[in-house]
Amino acid sequence: MELNTLIVEGGRKISGTVRVGGAKNSSLPLIAAALLTAGTSTIEDVPRLKDIETMRGVVEALGARVIMEDNVMTVDSSCLNGNEPPYDLVRAMRASFLVMGPLLARMGSAHIFQPGGCAIGARPIDLHLKGFAALGAEIDMSGGVVKAKVDGRLKGDRVYLDFPSVGATENIMMAAATADGRTLIENAAREPEIVDLANFLNKMGARVRGAGTPMLRIDGVEELAPSSHTVIPDRIEAGTFMIIAAGTQGSLYIDNVVGEHVKPLEAKLSEAGAHVETFEGAMRVSADRRLKAVDVTTMPYPGFPTDMQAQLMAVLCTSEGTSQVTENVFENRFMHAPELSRMGANIKISGRTAIIEGVPNLTGAQVNATDLRASAALVTAALTAEGETHIHNISHLDRGYENFEGRLAKCGARMRRE
Ligand code: UD1
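Residues numbered from 1 in each chain as written. Predicted model: local features only at pLDDT ≥ 70, side-chain atom pairs only at ≥ 80, totals over all residues. Heavy atoms only, no water.

Undergrad: Break down the side chain of His261 for me, citing the residues and quoting the values.
TA: Structurally, His261 is set in the loop between β14 (251-255) and α9 (263-271). Filtering out sequence-adjacent residues up to four positions away, His261 remains in contact with Pro192, Ile232, Arg235 and Tyr301. (Helix = DSSP H or I, 4+ residues; strand = E, 2+ residues; numbered from the N terminus. Contact = heavy atoms within 4.5 Å.)

In structure tokens:
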């Protein structure tokens, strides 16, 4: 039986050293990209997570052979023999849809169940499809399945994204890598994970320029070759540790961080009164007093990441003063708020904005994790709270954090699963 409740003893300062793993959100598209060419690619520092297992299942169902040893994954896509990933895997994780670009490029067709809505918002795929259509794919949506096909090769063209979607930018970039001619993706996402994927594709022989800017230029090449790559550090995991250190008035030395990638959070924590020291590939975050309220608005990179919003809100609940948090990326991403309220937080939601009146302290309660980052937020809140918090449905946490409890336990946290 799965142990799906995490019991956290709060009120302890979290101090010590933690190492951040490779980025989940980079690893997922990198695994998909390995489908673009026959042969074996090696991806290093892949975190051992449920979402990674799901992506592994997806590429294996398409015929790839995958080996994962420690944190090194090899993907042999010599003989792809499928173009339709199983419904259960696509339903379990929206990022499964990232195999569409590679499948279209390599096999000329793909049938993928529509990923559908999820807890944090409707999350459509229109921008992915708009890109594939611009590259010459015929798209048909019926019976909840997206069927895309192309006669011969995809053809480079200009694609303007109405919103800088991370997934759409990645999917279109992969599809365009071996298309005929030049593809321009305008208003492209600029997240570090986009740059990581572009770097991997370029090692495979692709010609992608402009990653990290709003204009991506991809000159299609005849074919790609397998390659190896080390995943960038997970900026969301690093950020979660930064917030925990500051929120518990502890001190964490966080190893394997790219300072630039966590700048928006660093700025907010400093504004709130935490101390942040940066070193080569590492940082120390500490606080010696209650944090001060801050206002934050989530935006595409380099703005404040939506994936850090819940965790920051968790510590703003006990900060001095009134904070305002505006969620601009997903329309329904405040599900952690009522759970934090059960712990004594004073949060009012109006549309996309949450007003958080800081209270002196939170107290342990029974709470429910609704999604990955909400569960990280509840762990964060529970660590700062007085008494014991029972977080139900904690399995969401395992989608995005490898051995989270083990690493925090070494820094003074007390928690157990039941
Ligand atoms: C990725 C991340 C996720 C993060 C999100 C935003 C991965 C595996 N996941 O998700 O952790 O929270 O970026 O930083 O990398 N949209 C459309 N049409 C589309 C695609 C997206 O309207 O075709 C909208 C979405 O509904 C959402 C916004 O664009 O409101 C951002 O979504 P997007 O950047 O695509 O997020 P994901 O790639 O799904």
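Once the structure has been displayed, the description carries forward.
Undergrad: How would you summarise the nonpolar core if you had to cite specific residues and measurements?
TA: Met55, Val99, Met100, Met173 and Leu201 are the most contacted members of the largest nonpolar core, which has 72 residues in total. Looking at this core element by element, the count peaks at six residues for helix α6 (residues 166-176). When residues no more than four places from it in sequence are discounted, the contact partners of Leu201 are Ala33, Leu36, Met173, Met174, Ala206, Val208 and Leu224. The next biggest cluster of nonpolar side chains, apart from the first, holds 68 residues, and it includes Leu252, Leu291, Val325 and Ala354. (Core = buried A, V, L, I, M, F, W, Y, C linked by side-chain atoms within 4.5 Å. Buried < 20%, exposed > 50% of the residue type's maximum accessible area, 1.4 Å probe, protein only.)

Undergrad: Describe the sheet that holds strand β1 (residues 5-9), with residues and values.
TA: In space, the four strands of this open sheet follow the order β21-β22-β1-β23, with mixed pairing throughout. Each having just a single partner strand, β21 (366-368) and β23 (414-417) make up the two edges of the open sheet. Averaged over all neighbouring strand pairs, the angle between strand axes comes to 20°, with direction disregarded. Bridging between β1 and β23 involves four bridges; their strand directions are antiparallel. Bridge pairing links Val8 to Met415 in β23. (Pairing = 2+ DSSP bridges. Axes fitted to C-alpha atoms, helices over the stretch in contact; angles between N-to-C directions.)

Undergrad: Mind laying out unusual backbone geometry, listing which residues take part and the relevant values?
TA: As a rule of thumb, non-glycine residues mostly have phi less than zero, and peptide bonds are mostly trans rather than cis. Pro302 follows Tyr301 through a cis peptide bond whose omega is 10°. The backbone of Asp70 shows a phi angle near 50°, a positive value even though the residue is not glycine. Within the secondary structure, Asp70 sits in the loop between β4 (65-69) and β5 (72-76). Phi is positive for Gln249, close to 55°, though the residue is something other than glycine.

Undergrad: Would you mind going over the sheet that holds β4 in detail, with residue names and values included?
TA: On the basis of which strands lie adjacent, the open sheet formed by four strands has the order β4-β5-β3-β13 and mixed pairing. Each end of this open sheet is capped by a strand with a single partner; those strands are β4 and β13 (228-230). Here the strands of the sheet are splayed against their neighbours by 15° on average, with no regard to which way each runs. Sheet strands touched by helix α2 (residues 50-61): β4 and β5. Its angle to β4, the strand with the most contacts, is close to 155°.

Undergrad: How would you sum up the site of the ligand? Please name residues and give values.
TA: Around the ligand, the surrounding shell holds 19 residues, and the nearest of these are Asp126, Leu127, Ser165, Asp307 and Val329. For the ligand, an oxygen atom lies 2.8 Å from a polar atom in the backbone of Val166. Between Val329 and the ligand, the recorded distance is 2.5 Å, taken from a backbone N or O atom to an oxygen atom. Taking 730 Å² as the accessible area of the ligand by itself, protein coverage stands at 86%. Mapped by element, the contributors of at least two residues to the shell around the ligand are α1 (24-33), α5 (126-134) and α6. Residues that form the shell around the ligand fall into these classes: nine nonpolar, five polar and five charged. (Near = heavy atom within 4 Å. Polar contact = N/O pair within 3.5 Å; in protein donor to acceptor, adjacent residues only side chain to side chain. Areas by Shrake-Rupley, 256 points an atom, 1.4 Å probe, with all protein chains shown as cover. Nonpolar A, V, L, I, M, F, W, Y, C, P; charged D, E, K, R; others polar.)

Undergrad: Account for the pattern of salt bridges, with residues named and values stated.
TA: Counted under the stated rule, the structure contains 25 salt bridges. Where Arg333 meets Asp307, a salt bridge forms, and the shortest distance between an N and an O atom there is 2.8 Å. Of this pair, Arg333 sits in the loop between β18 (322-326) and α11 (336-342) while Asp307 sits in the loop between β17 (295-297) and α10 (309-316), and the two are 26 residues apart along the sequence. Here Arg333 matches Asp307 in class, with each residue buried. Residues Glu339 and Arg342 are paired through a salt bridge, measuring 3.0 Å at the closest nitrogen-oxygen approach. Residue Glu339 and its partner Arg342 are both found in helix α11; the two are separated by three residues, about one turn of the helix. (Salt bridge = Lys/Arg side-chain N within 4 Å of Asp/Glu carboxyl O.)

Undergrad: Give a detailed account of the environment of Thr42, specifying residues and quantitative values.
TA: By the element assignment, Thr42 lies in strand β3 (residues 40-44). A sequence separation of 33 residues divides Thr42 from Val75, and the C-alpha atoms of the two residues are 6.5 Å apart.

Undergrad: Can you break down α2 residue by residue, with the values?
TA: Between its first and last C-alpha, α2 extends 16 Å over 12 residues, near the 16 Å set by a 1.5 Å rise per residue. Those residues of α2 not exposed but buried are Asp51, Ile52, Thr54, Met55, Arg56, Val58 and Val59. The inward-facing, buried residues of α2 abut α1, β4, β5 and α3 (87-92). Positive phi appears at Gly63, one or two residues downstream of α2, with a value of about 115°. (Expected span 1.5 Å × (residues − 1).)

Undergrad: Describe the packing of aromatic side chains, naming the residues involved and giving the relevant values.
TA: Given two aromatic rings, one states the distance between the centres and the angle between the planes to describe the pair. The final tally for this structure, using the stated rule, is four aromatic pairs. Taking 5.6 Å as the distance between ring centres and 40° as the angle between the ring planes, the aromatic pair formed by Phe241 and Phe404 counts as tilted. Of this pair, Phe241 sits in helix α8 (residues 235-247) while Phe404 sits in helix α13 (residues 404-409), and the two are 163 residues apart along the sequence. Under the relative-accessibility criterion, Phe241 is labelled buried at 0%. On the basis of an interplanar angle of 40° and a centroid distance of 4.6 Å, the ring pair of Tyr401 and Phe404 is categorised as tilted. The exposure class assigned to Phe404 is buried, which follows from its relative accessible area of 1%. (Phe/Tyr/Trp six-rings, centres within 6.5 Å; stacked < 30°, edge-to-face > 60°.)

From the geometry alone we can't say anything about function, so treat these as descriptive.
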